[in-house]
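Chain residues, written in single-letter form:
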Amino acid sequence: MAKIDLVKLRKTFGAYVAVEGLDLKINDGEFLIMLGPSGCGKTTTLNMIAGLESATAGDILFDNVNVTDVPPHERNVAMVFQSSLLYPHISVRRNIETSLRHTTISDAERKRRIAEAAKMLEIEPFMDKLPGQLSGGQRQRVATAKAIVREPSVFLLDEPLSALDAALRLSLRSELVNLQKRLGTTTVFVTHDQVEAMTMGDRIAVMNSGRLEQIGTPDEIYNSPSTVFVAGFLGSPPMNLLEGDLAGGFFRRGGLAVPVQGPGGKVTLGVRPQDVVVTEATAPGALPVTVYAVEHLGRESVLIADDEHGSKVRALVAPGWHARVGEKLGIVPDPARCLLFDTNGARIYETVARAA
Amino acid sequence: MAKRSIFLYLAIAVAIVWSIFPIYWFCRMAFLTPNEIRLFPQPFVPHVFELGTLYNIFGYDYEYAAGFVSGASGQSNQIIRGVFNGLFMSGIVTVITLFIVVPLAYVFARMEFRHKEKLLFAVLLAVALPPVSTLIPFYSMYVQLGLNGTRFGLIVVTLTITVPFVAWMLIGYFRNLPPIERLARIDGYSRTSCLLTLILPLAKSGIAVAAVIAFLFSWNEYTYALVLVNGTSANTLPTAISGFLGQYPEPGNLAASVIVTIIPPALFAYFLQRHVTEMSLVDPVR
């Protein structure tokens, strides 16, 4: 068990800045997700926590002890790598045993831990096989067993589920969360998959271009994004982000007029597809759009339409809803559910919906 | 599909004929008696299977069942020395090559350091250099150093061929191994123990094939051997065989010597075929 503090952490590769001024507090026993597009610095950050990459500047503290210069195996961390990396030429049992090389526990204790981990992850039938003889899901379980036998203070997982098929990913997702809650070990999980992030994490840290955009519970991240990047990155179908002008109590973009208040000038209005209503093209204040496609998802359907400026706008509609491609319609956002962002992408919090 | 498989089998047939026919040709020649070899046209298949030429090249007279005797070849001293020198020097070259190349290839394939690209280019340039281009410089240097006609001298020259070539091959192989170094660092292996206890066992197929290639390069090496050691006590089998093409050609003995030459490669190919196919056909990962 440990809490982790990252203080002004910075990592550069030559002239390329991978991580910039990262301050992050990870609570003891927490399941923290680091989410972001590829190249955002999340894996580099994880590698720095593990000790595989040295920090260019800044400090890493485990339980207030500075471990910035401590080699990986002395940090008492366990790591599961992308596509569940194992030593391919030695058996599953010996793969798990190598995790305990640097511990001073007795042979009996060693055996007990391995047996326990094997039982917990249901890998007993293939302890003597080579990793190459296992399926992707089995390898993932072995990699997890290899991590937990060390009884580490921190688990680090680098996109462990990304190479698996969808059904397996679904079941292993809940398995991992269940295991983490039973063991209560502080866990950092790196992913670019927003569904994994939303479903697994106690908190999500969203990163972009080496910087932390926002950290919060899945609910906070989804419902109250603090930047336009977070707003656009989470949610499927994604949030509609419309650039326009705010003046005189209205957000205006072409024919669209949304009664919201805030500081005047150029802003971006964000509204999720479930928070808009589809109406006639001639409805006052509606955004005039042309139907581009309708996607039927069973429980709901998504209307994708082009507005006058050519941006795609998405709206959630009832499952049986139909429209011809090319048909003219109007879209009216719910002012109470609209978010405003300034030109730098930061949220404008003083937004208030006005009675129209 | 049927059409494709016809062409596939045709291609396989051509490849087999291409590689088997020369072997058939000199095997036939080795078994023909001295009289038959002078006939025209020569028989397609020898009538008697007697190992006369093999006796002759190792310095023994042989009495054929038909009653006549073929005498020991005058080249036999060279052939016997060639076999021993060849095995000895190729063995040493293989061992030294591996000792140099395995760490070198590992470092180039798996680590980042300054000027890596330029250094790698230097290694690969040596592969592209034809042996003939360095032949004269080596010869004049060796004469001054007194190294011409010595086993040591030939071993050093052969290493200049095997090291870059095998390095070039192994760098690619090491690059394709899974990134287990990261895992090893979490498990507390040092760089050296990771290489010795994890990477080497994992890469044994590639290293075995590298050893074979180094051995065969050295065993077959002709250009340098011809100029530096031919006719001395350090001569190798390829140069000894070329002696049969001299003033009194002995085609039967030449063919028998060629059979001796292909025995080591044939044995290697047989015992290491599993490693060879594993290395070239499938990704070594997982």
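Our structure's up above, just so we're on the same page.
Description of the structure in this document.

Rules of the game
Residues numbered from 1 in each chain as written. Chains lettered and ligands numbered in written order. Predicted model: local features only at pLDDT ≥ 70, side-chain atom pairs only at ≥ 80, totals over all residues. Heavy atoms only, no water. Helix = DSSP H or I, 4+ residues; strand = E, 2+ residues; numbered from the N terminus. Buried < 20%, exposed > 50% of the residue type's maximum accessible area, 1.4 Å probe, protein only. Contact = heavy atoms within 4.5 Å. Areas by Shrake-Rupley, 256 points an atom, 1.4 Å probe, with all protein chains shown as cover. Buried area = accessible area lost by both parts, 1.4 Å probe. Polar contact = N/O pair within 3.5 Å; in protein donor to acceptor, adjacent residues only side chain to side chain. Nonpolar A, V, L, I, M, F, W, Y, C, P; charged D, E, K, R; others polar. Phe/Tyr/Trp six-rings, centres within 6.5 Å; stacked < 30°, edge-to-face > 60°. Lys NZ or Arg CZ within 6 Å of the ring centre and 35° of its normal. Pairing = 2+ DSSP bridges. Axes fitted to C-alpha atoms, helices over the stretch in contact; angles between N-to-C directions. Expected span 1.5 Å × (residues − 1). Bend = angle between axes of the 7 residues up to and from the residue.

### Topic: the overall build of chain A
Each helix and strand in chain A was counted, giving 8 helices and 22 strands. Residues counted as buried form 50% of the 356 residues belonging to chain A. In chain A, 65% of the contacts between residues at least 6 apart in sequence involve partners at least 24 apart. In the structure as shown, chain A presents an accessible area of about 15600 Å², 51% of it carried by carbon and sulfur atoms.

### Thoughts on the interface of chain B and chain A
Residue-level contacts link 16 residues of chain B with 23 residues of chain A. With both chains or domains summed, chain B and chain A bury close to 1900 Å², and 62% of this area falls on carbon and sulfur atoms. Applying the counting rule to chain B against chain A returns 11 residue pairs in polar contact (both at pLDDT 80 or more). Listing elements by their share of the side of chain B that touches chain A, those giving two or more residues are α8 (180-186) and α9 (191-202) of chain B. Top contributing element to the side of chain B that touches chain A by residue count: α8(B), with 6 residues. Tallied by class, residues from the side of chain B that touches chain A come to 10 nonpolar, 2 polar and 4 charged.

### Observations concerning the packing of aromatic side chains
Across all of its chains, the model carries 19 aromatic pairs over all chains by this definition. A network of ring pairs unites the aromatic residues B:Tyr55, B:Tyr62, B:Tyr64 and B:Phe68 as a single cluster. Positioned above the aromatic ring of B:Tyr189 is the side chain of A:Arg101, whose terminal nitrogen or guanidinium carbon lies 3.6 Å from the ring centre. Here the basic side chain of A:Lys312 rests over the ring of A:Tyr292, its NZ or CZ set 4.0 Å away from the ring centre.

### Things to note about the pairing of strand β17 (residues 287-296) of chain A
Put simply, side chains in a regular strand alternate between the two faces of the sheet. All names here are of chain A. Bridging between β17 and strand β20 (residues 328-333) involves 4 bridges; their strand directions are antiparallel. Paired with threonine 290 across the strands is lysine 328, a residue of β20. Strand direction decides the pairing type here: β17 and strand β18 (residues 301-307), joined by 7 bridges, are antiparallel. The residue of β18 that forms the bridge with threonine 290 is aspartate 306.

### Some remarks on the pairing of strand β10 (residues 211-216) of chain A
Where strand β9 (residues 203-208) of chain A and β10(A) come together, 5 bridges link them in antiparallel fashion. Bridge pairing links A:Asn208 to A:Arg211 in β10(A).

### Observations regarding the sheet that holds strand β7 (residues 154-158) of chain A
Strand-to-strand pairing in sheets goes through backbone hydrogen bonds, with the strands running parallel or antiparallel. Residue and element names in this part refer to chain A. Pairing in this open sheet of 6 strands is mixed, and the strands run β6-β7-β8-β3-β9-β10 from one edge to the other. Each edge of the open sheet carries a strand with a single partner, namely β6 (77-80) and β10. With direction set aside, neighbouring strand axes in the sheet form an average angle of 20 degrees. Note: β7 against strand β8 (residues 186-191), 5 bridges, orientation parallel. Bridging from a neighbouring strand, aspartate 158 pairs with valine 190 of β8. In the packing of helix α1 (residues 42-50) onto the sheet, the strands contacted are β3 (31-35), β6, β7, β8 and β9, and the crossing angle to β7 comes to about 150 degrees. Across the sheet, helix α5 (residues 166-183) touches β3, β7 and β8, and the angle it forms with β3 is around 140 degrees.

### Let's talk about helix α13 (residues 251-271) of chain B
Residues and elements named next belong to chain B. Taking 1.5 Å of rise per residue, 21 residues should cover 30 Å, and α13 covers 31 Å from first to last C-alpha, within 8% of that figure. Considering bend angle alone, the principal kink of α13 is centred on isoleucine 263 and spans about 35 degrees; proline proline 264 follows within four residues of it. Regarding α13, the residues found buried are Gly252, Asn253, Leu254, Ala255, Ala256, Ser257, Ile259, Val260, Thr261 and Pro264.

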